[in-house]
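# Summary of structural features
Now for the letters of each chain:
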Amino acid sequence: MATGGAADAAAAQNPLVEKKGGKSHVWRYFGFAADDKGNIIDPQKPVCKRCHRSFLSRGGNTSNLIKHLKDRHPDLMREFKQLQTEDDHQTPQQTLKQTTVTDAFQQQQKYDKNSPEARKLNRAVAEFLCTDQVPIYTVEKRGFQQMLHHLNPKYQLPSRNFFMYTEIPRLYNETRDIIIQHLGEKPFYSCTTDLWTSRTADTFMSVTLQYITKLWELQSWCLGCCGLNTDHTAESLKEAFEEKLEDWNLDIIRMSGITTDNATNNKKAFEDYTWIPCFGHNLHLAVNKALEISRVSASLSRLRKTISAFTRSPKLSRQLVKKQKDLSSPDHKLIHDEPTRWNSSYDMVQRFLEQQQVVCAVLAEDRKKWYLMPKDTDITVLETVKAVLEPLSPFTDALSGEKHTTLSSVLPLLWKIYDCLSYEQSDSALTQEMKEKINEYLRHRYDNLQLQLLLNTATYLDPRFKNSFVSLKDDVKQSLLDEVKKMGNDGNVSQVSGESSQVRPSKKSKTDLKQLLSTIQGEKKEKGEPASSSQTQLTASDELNGEFLVYSQMPEVSAEDDPLSWWKTNMGTLPQLSEFARKYLCIAASSCSSERKTMWACRLPQESLQFIEVILIFKSTEVVKDTMVFCIFCKMYKL
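Report follows, based on the coordinates.

Parameters at a glance
Residues numbered from 1 in each chain as written. Predicted model: local features only at pLDDT ≥ 70, side-chain atom pairs only at ≥ 80, totals over all residues. Heavy atoms only, no water. Helix = DSSP H or I, 4+ residues; strand = E, 2+ residues; numbered from the N terminus. Buried < 20%, exposed > 50% of the residue type's maximum accessible area, 1.4 Å probe, protein only. Areas by Shrake-Rupley, 256 points an atom, 1.4 Å probe, with all protein chains shown as cover. Pairing = 2+ DSSP bridges. Right-handed = clockwise from strand over helix to strand, strands pointing away. Expected span 1.5 Å × (residues − 1). Core = buried A, V, L, I, M, F, W, Y, C linked by side-chain atoms within 4.5 Å. Contact = heavy atoms within 4.5 Å. Axes fitted to C-alpha atoms, helices over the stretch in contact; angles between N-to-C directions. Left-handed = near helix turned anticlockwise from the far one by under 90°. Nonpolar A, V, L, I, M, F, W, Y, C, P; charged D, E, K, R; others polar. Salt bridge = Lys/Arg side-chain N within 4 Å of Asp/Glu carboxyl O. Phe/Tyr/Trp six-rings, centres within 6.5 Å; stacked < 30°, edge-to-face > 60°. Lys NZ or Arg CZ within 6 Å of the ring centre and 35° of its normal.

### Side note on the overall build of the chain
Secondary structure summary: the chain contains 24 helices and 12 strands in total. A buried classification covers 49% of the 639 residues belonging to the chain. For the chain, the computed accessible surface area is about 33400 Å², with 49% contributed by carbon and sulfur atoms.

### Considering the pairing of strand β7 (residues 218-227)
In summary, the side chains of a regular strand alternate between the two faces of the sheet. In terms of burial, β7 is a largely internal element, 10 of the 10 residues being buried. In the sheet, strand β6 (residues 203-212) pairs with β7 via 9 bridges, with the strands oriented antiparallel. Bridging across to β7, Val207 finds its partner in Gly224. Counting the residues in the hairpin turn of β6 and β7 gives 5 residues, including Trp216, whose phi is positive at 60°.

### Comments concerning unusual backbone geometry
Positive phi values are uncommon outside glycine, yet His52 reaches one of about 55°. Within the secondary structure, His52 sits in the loop between β3 (46-48) and β4 (54-55). Since its relative accessible area comes to 34%, His52 is described here as partly exposed. Unusually for a residue other than glycine, Ser328 sits at a positive phi of about 55°.

### Topic: the pairing of strand β8 (residues 255-260)
Within β8, 6 of the 6 residues are buried, which leaves it mostly tucked inside the rest of the structure. One ladder, built from 4 bridges, connects strand β5 (residues 189-197) with β8; its direction is parallel. Within the sheet, the bridge partner assigned to Ser190 lies in β8 and is Gly257. Two elements, β8 and strand β9 (residues 275-277), share 3 bridges in a ladder whose sense is parallel. Among the inter-strand pairings, Thr260 is bridged to a residue of β9, identified as Pro277. Where the polypeptide runs from β8 across helix α9 (residues 264-269) and back to β9, its parallel neighbour, the crossover connection is right-handed.

### A look at helix α11 (residues 294-311)
With 18 residues, α11 should cover 26 Å at 1.5 Å per step; its first-to-last C-alpha distance of 26 Å lies within 8% of that length. Within the span of α11, buried status applies to Val296, Ser299, Leu300, Leu303, Thr306, Ile307, Ser308, Ala309 and Phe310.

### Focus on the nonpolar core
In this structure, Leu389, Ile438, Trp567 and Leu577 are the most contacted members of the largest nonpolar core, which totals 84 residues. Beyond its immediate stretch of four places on either side in the chain, Leu389 contacts Val287, Leu291, Trp342, Tyr346 and Ile438. Core analysis: the second largest hydrophobic core is formed by 25 residues, Ile179, Ala240, Phe241 and Tyr273 among them.

### Considerations on the environment of Pro330
On the secondary structure map, Pro330 appears in the loop between α12 (314-326) and α13 (342-354). Assessed through its relative accessible area of 34%, Pro330 is described here as partly exposed. Every residue in contact with Pro330, bar those within four places of it in the chain, is listed here: Gln324, Glu354 and Gln355.

### Comments concerning the packing of helix α10 (residues 279-291) against helix α17 (residues 429-445)
Between α10 and α17, whose axes approach to 8 Å, the crossing angle comes to 145°. For α10 against α17, the interelement crossing comes out right-handed. The residues of α17 that touch α10, namely those facing Asn282, Leu283, Leu285, Ala286, Val287, Lys289 and Ala290, are Met434, Lys437, Ile438, Tyr441, Leu442 and Arg445. Tallied by class, the residues present in the contact of α10 with α17 amount to 9 nonpolar, 1 polar and 3 charged.

### Points about the pattern of salt bridges
The tally for this structure, following the rule as stated, stands at 19 salt bridges. Residue Arg123 pairs with Glu174 through a salt bridge whose shortest N-O separation is 3.0 Å. A residue pair is termed long-range when its members are at least 10 positions apart, and Arg123 in helix α5 (residues 116-131) and Glu174 in helix α7 (residues 160-183) qualify at 51 residues. Take Glu174: its relative accessible area is 36%, and that puts it in the partly exposed class. The salt bridge partner of Arg176 is Asp247, with a shortest N-O separation of 3.5 Å. Linking Arg176 in helix α7 with Asp247 in helix α8 (residues 234-247), this pair joins segments that are 71 residues apart in sequence.

### A short note on the packing of aromatic side chains
Under the criterion given, the structure shown has 16 aromatic pairs. Geometrically, the ring pair formed by Trp216 and Trp567 is stacked, given 6.5 Å between the ring centres and 15° between the ring planes. One exposure class covers both Trp216 and Trp567, and it is buried. One aromatic cluster is present, formed by Trp216, Tyr460, Phe548, Tyr551, Trp566 and Trp567 through successive ring pairs. Its guanidinium or amino end placed over the ring of Phe188, Arg254 lies 4.1 Å from that ring's centre, counting from NZ or CZ.

This is the structure in structure tokens:
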């Protein structure tokens with residue numbers, strides 16, 4: 001499109017300026033009008049060098065320019081096309097070089113199995129199998145083999161047996177040596193263990209270990225997940241557990257505690273150690289006490305029938321989706337609860353109440369489905385269940401993590417739970433009964449004096465809660481002093497026996513954990529409730545008493561801060577208390593880490609296995625360049 005104006009006038013007076021960086025040959029015939037100093041007046045209006053007409057060319061577009069040559073200057077257009085043709089047929093020099101026969105054969109030749117390239121790729125495949133926890137027979141899958149061939153045709157993928165019996169065991173042994181080297185420092189550690197039975201009645205037992213490194217980082221490893229082919233008696237569990245510790249050369253005296261669920265065989269098997277009940281399991285059992293109330297149980301049973309009718313019927317599912325659109329309701333599916341997860345019952349109730357209008361509208365259209373219609377009394381009960389359980393839902397997964405301290409958070413969470421379960425004047429009779437059931441069961445689970453001392457000790461050693469949630473402060477201090485006295489005169493806290501926490505005190509009554517604890521800490525300070533049983537001033541007669549005094553004068557830190565980072569900064573000021581912090585803050589409040597490993601083991605294909613031992617090692621240290629190594633070692637006696 002031709003334009004006129006200042007550009008044309010300037011083009012007639014001053015020479016045109018060439019376009020810089022123009023790739024198209026059309027710019028040979030166009031330039032830009034410039035002022036007296038040689039500066040381009042308008043970079044979007046090139047000017048024809050022959051007829052001095054200007055054109056609009058935004059962003060370097062050459063369509064208008066080529067059209068102008070075609071319409072006004074046919075001779076220039078023929079020259080332009082000839083230049084383009086020469087470019088299209090021009091061949092770079094390097095492509096003219098013919099591949100030699102030797103080079104052609106080398107490109108098709110596979111790597112030698114002992115070459116550095118082959119070993120590197122073998123290790124990469126082994127780490128893929130272990131990291132993503134995929135079956136070893138993946139290497140025999142056609143799609144996987146084809147993918148590797150496209151990525152590197154020179155790589156010959158070894159057989160399944162090579163990875164099973166050579167490469168993965170080698171990776172396991174290397175990683176195991178690294179872990180044993182670190183455990184050779186004899187740190188305090190804690191363990192969790194759990195049993196899980198698969199759908200084929202195969203039982204697995206996993207053991208995980210947690211400890212705090214010299215750099216004040218919490219490490220969590222799975223030491224083993226092995227098949228348990230005996231009865232689940234306390235004796236067999238204890239024997240299997242101690243064999244696993246012995247296999248890793250772990251000194252059982254250095255074990256600060258072991259966390260399991262509340263099964264009787266677990267309690268009996270580990271009664272000689274410092275045993276901690278799983279917080280999540282305790283909460284699950286407590287909530288189940290409330291859900292077992294006859295009115296609640298009956299309403300939930302009828303609700304399950306209603307939800308099952310929708311989940312098993314494609315017709316009802318389609319009608320549900322249609323009604324959701326008609327009534328502008330959220331496009332959410334109904335949820336069926338899982339007996340082993342109390343929060344799934346809450347999710348089921350919450351989702352049904354959200355979709356109540358839609359569900360009733362679908363059922364009302366079919367007279368044969370009226371029996372599934374919830375009654376008014378059921379709706380009242382379900383609303384009560386939702387109101388009682390809703391404040392407790394954040395606590396389900398709060399202490400299931402493996403990368404932060406959890407035992408010191410149990411007392412703050414319990415305080416908040418008891419506060420949520422406190423009676424209000426507006427509570428109905430059913431609400432009060434449910435709160436009473438949960439409250440009573442939780443207090444029963446945590447009324448053990450030895451357990452209370454352990455929880456208070458861990459909370460006292462957490463700088464976030466040392467003044468707010470410790471109710472047995474004097475007993476904690478006395479217990480720590482007794483541990484120091486048992487060491488002798490060398491004052492080396494690292495030699496404290498793991499059995500010292502058995503001292504009995506006098507009788508005294510996948511949410512975000514940091515955010516939850518921060519809220520609890522603020523509420524506790526607002527209420528200003530007394531925390532310590534007494535405030536007896538201890539004299540600085542020895543080093544530990546002196547550290548008690550210094551520690552008591554330090555203010556609490558925010559609940560969102562990392563207590564391990566705080567101890568890393570203050571370990572020089574509080575050397576003995578810092579060692580006690582390593583011992584008690586590594587204890588896990590939940591056995592979820594072990595449960596996750598056993599659930600994974602149970603998902604492995606069992607029809608082709610007679611016996612399987614799976615060991616997963618989680619490793620993240622500077623020795624392996626801060627990379628996470630998931631090492632799985634499988635022994636299969638029947639392929």
